[in-house]
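What the coordinates show
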Amino acid sequence: QNISLQASNPGQFEHDSDVLWQRGAAPETIAYHGHVGINTDVPDEALVVCGNAKVMGRVMHPSDSRAKQNIREVDTNEQLRRITQMRLVEYDYKPEFASVMGITDT
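Residues numbered from 1 in each chain as written. Predicted model: local features only at pLDDT ≥ 70, side-chain atom pairs only at ≥ 80, totals over all residues. Heavy atoms only, no water.

As for the overall build of the chain
Secondary structure assignment for the chain yields two helices and four strands. What you see in the chain, going N to C, is helices and strands ordered as β-β-β-β-α-α. Expressed as a percentage of its 106 residues, the buried residues of the chain come to 10%. Across the chain, contacts joining residues at least 24 apart in sequence account for 35% of those joining residues at least 6 apart. Only carbon and sulfur atoms are counted for the fraction: they give 51% of the accessible area of the chain, which is about 10400 Å². (Helix = DSSP H or I, 4+ residues; strand = E, 2+ residues; numbered from the N terminus. Buried < 20%, exposed > 50% of the residue type's maximum accessible area, 1.4 Å probe, protein only. Contact = heavy atoms within 4.5 Å. Areas by Shrake-Rupley, 256 points an atom, 1.4 Å probe, with all protein chains shown as cover.)

This is how it looks when you write it as structure tokens:
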């Protein structure tokens, strides 16, 4: 079973008199149209995570032609020429940064 949550901040659970949650349109969903803050109580986007996030599935970025206009084919040779002009680099993280961020493969 999957449950989708859209919420403001966790502190809103403390007020029983506030009816801010409602059943979602799809079965087994709950909806609240606001901002969610994890490790922050001042989220300024739909979801703000201050800390690491582990995703045990896919992060979806839907792309729908119904939301677009002026869709046209591109000249692939021109695009490949532009790619060859890009500056590509390799790098290693500085040890002090890697240790603070929990990165082991620098």
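Focus: the packing of aromatic side chains
For the structure shown, the criterion picks out two aromatic pairs. Arranged with centres 5.4 Å apart and planes meeting at 35 degrees, the rings of Tyr93 and Phe97 form a pair that is tilted. Taking relative accessible area as the criterion, Tyr93 reaches 33% and is therefore assigned partly exposed. By relative accessible area, Phe97 is classed as partly exposed at 39%. In textbook terms, an aromatic cluster arises when at least three aromatic residues are bridged by ring pairs, as seen for Tyr91, Tyr93 and Phe97. (Phe/Tyr/Trp six-rings, centres within 6.5 Å; stacked < 30°, edge-to-face > 60°.)

With respect to the pattern of salt bridges
Throughout the structure, instances matching the rule amount to two salt bridges. For Asp64, the salt bridge is made with Arg66, and the minimal N-O distance between the two is 2.5 Å. (Salt bridge = Lys/Arg side-chain N within 4 Å of Asp/Glu carboxyl O.)

Examining a nonpolar patch on the surface
Among the surface-exposed residues, Val89, Tyr91, Tyr93, Phe97, Val100 and Met101 lie close enough to one another that they form a single nonpolar patch of about 630 Å² accessible area. Structurally, Val100 is set in helix α2 (residues 95–101). A residue is classified by how much of its surface remains accessible, and Val100, at 68% relative accessible area, is exposed. (Patch = residues over 30% accessible without salt bridge, like charges linked within 9 Å, V, L, I, M, F, W, Y side chains within 5 Å.)

Quick look at the confidence of the model for the chain
The predicted coordinates ought not to be read in detail in places where the model reports low pLDDT. The predicted model of the chain averages 81 in pLDDT, with 82% of residues at 70 or higher. Strand β1 (residues 22–23) is the least confidently modelled element of the chain, averaging 83 in pLDDT, while helix α1 (residues 76–84) averages 95, the highest of any element. (pLDDT = per-residue confidence, 0-100.)

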